[in-house]
Amino acid sequence: MDKIFEQLDGLLDRYDELQELMSDPEVLADTKRYMAYSKEEGSMREVVAAYKRYKQVKSDIAESDEVLRESHDPELSDLAKEELNELRPELAKLEDEIKLLMLPKDPNDDKNIIMEIRGAAGGDEASLFAGDLLSMYMKYAEKQGWTTEIVDETPTEVGGYKEVAIMITGDSVYSKLKYESGAHRVQRVPVTESAGRVHTSTATVVVMPEYDEVDLDIDPKDIRTDVYRSSGAGGQHINKTSSAVRMTHLPTGIVVTMQDQRSQQQNREKAMQILKSRVYDYYESQNESEYADKRKTAIGTGDRSERIRTYNYPQNRVTDHRIGLTLNKLDRIMNGELDDIISALIVQDQTKQLEQIND
């Protein structure tokens, strides 16, 4: 904890400095600088408030201890004991809170995401399950006040998806959904099964932060762009113009197609968004072992082949294998009530990081 307190004292100094800067007329006149300082100050506010309260509580404890040692007044001594009984648990609670607040933050936590869901093992049933997962995440997003948009899809004849990509936009989306990457397994009787036997199928989920030019710079020479006429819904306008876009990142072979928007320019912009995230994810995967070594606190590896969760329909049960959590409310979870699982994953991740600090 001593190292943390050293950091906190420095943080307190920086916080005071930022508040002075934000009241400087020169800074107030420079919107860009003011916004940068304001964002930095806002990110510190919670831990600074906790640390100031911690210091106050520690000072109050020292005063009460002194009263107990030196006072011969029974009434004063009783008051000091009462204070200590309240202050010591608060101090311990504040210490734990500060440790959590000082954990290294994932730089992607505030970002929006692109989530890809693919039907894997199990044929038609896997594609139907991919559709069910999409519905689950869209309902969860709605409960969080986030917005969702399907940006790429390959539907199947039975009503599911071979693959589907969705953009989720809102407050700290990645921080809550980053643990969803991996293989999701379903156990249920498929609608096509006449004998009533339970089948096991899988779908994979990949969660990627939405990256902009600052995060990832792709050389335009590495992208081949083809335009063609859109197919499907959209009416005569969409069929008469070459508004659909296919972008290929030549070094990786990653291909993104986009035809959902009304104009070619809109399709280009959306395709580039998806391409950046997919290319970044590709390069991250190349360094996965190195990345995992650096961040051993991660819940699982996040590898798309790793089975992370099982959805058992006959028993209305969901099990997250990474943390050994089993909940008998599959129906509610598929309705977007994911808070219990996501909160448990976050707590487990934080616990592992705290163990490293304490070691």
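Before reading further, recall that the structure is shown in the block above.
Residues numbered from 1 in each chain as written. Predicted model: local features only at pLDDT ≥ 70, side-chain atom pairs only at ≥ 80, totals over all residues. Heavy atoms only, no water.

Visitor: Give a detailed account of the sheet that holds strand β5 (residues 199–209), specifying residues and quantitative values.
Guide: Read from one edge to the other, the open sheet built from 8 strands follows the order β2-β3-β1-β5-β4-β9-β10-β11, with strand pairing classed as mixed. At either end of the open sheet lies a strand with only one pairing partner, and these are β2 (147–155) and β11 (325–327). Neighbour-to-neighbour, the strand axes of the sheet open up by a mean angle of 15°, direction not taken into account. (Pairing = 2+ DSSP bridges. Helix = DSSP H or I, 4+ residues; strand = E, 2+ residues; numbered from the N terminus. Axes fitted to C-alpha atoms, helices over the stretch in contact; angles between N-to-C directions.)

Visitor: How would you explain the nonpolar core if you had to name every residue and give the values?
Guide: Counting residues in each nonpolar core, the largest one holds 34 residues, and the members touching the most others are M115, I117, L133, Y137, L177 and Y311. Of all the secondary structure elements, the ones that give two or more residues to this core are β1 (113–119), α5 (124–144), β3 (161–169), α6 (173–177), β5, α10 (330–333) and α11 (339–358). Here this core gets 8 residues from one element, more than from any other, and that element is α5. For Y311, the residues in contact, after removing those within four places along its chain, are F129, L133, M136, H184, R185, V186, Q187, R317, V318, L330 and M334. If you look at the next biggest cluster of nonpolar residues, it comprises 25 residues, including F5, L8, V47 and L94. (Core = buried A, V, L, I, M, F, W, Y, C linked by side-chain atoms within 4.5 Å. Buried < 20%, exposed > 50% of the residue type's maximum accessible area, 1.4 Å probe, protein only. Contact = heavy atoms within 4.5 Å.)

Visitor: Describe in detail the sheet that holds strand β6 (residues 223–228), supporting the description with residues and values.
Guide: Strand order in the open sheet made by the 3 strands is β6-β7-β8, with antiparallel pairing throughout. Only two strands of the sheet have a single partner each, and these edge strands are β6 and β8 (254–258). In this sheet, adjacent strand axes meet at a mean angle of 15° when their direction is disregarded. Bridge count between β6 and strand β7 (residues 244–249): 6 bridges; the pairing is antiparallel. Its bridge partner lying in β7, D226 is registered against R246.

Visitor: So, the packing of aromatic side chains: which residues are in play, and what are the values?
Guide: Each aromatic ring pair is described using two quantities: the centre-to-centre distance and the angle formed by the ring planes. The tally for this structure, following the rule as stated, stands at 3 aromatic pairs. With a centroid separation of 6.5 Å and an interplanar angle of 20°, the aromatic rings of Y51 and Y54 are classed as stacked. On the criterion of helical spacing, the pair formed by Y51 and Y54 is a turn pair, its members being 3 residues apart in helix α3 (residues 31–70). There is no split in this pair, since Y51 and Y54 are both buried. Here the aromatic rings of F129 and Y311 are separated by 5.4 Å at their centres, their planes lie at 65°, and the arrangement is edge-to-face. (Phe/Tyr/Trp six-rings, centres within 6.5 Å; stacked < 30°, edge-to-face > 60°.)

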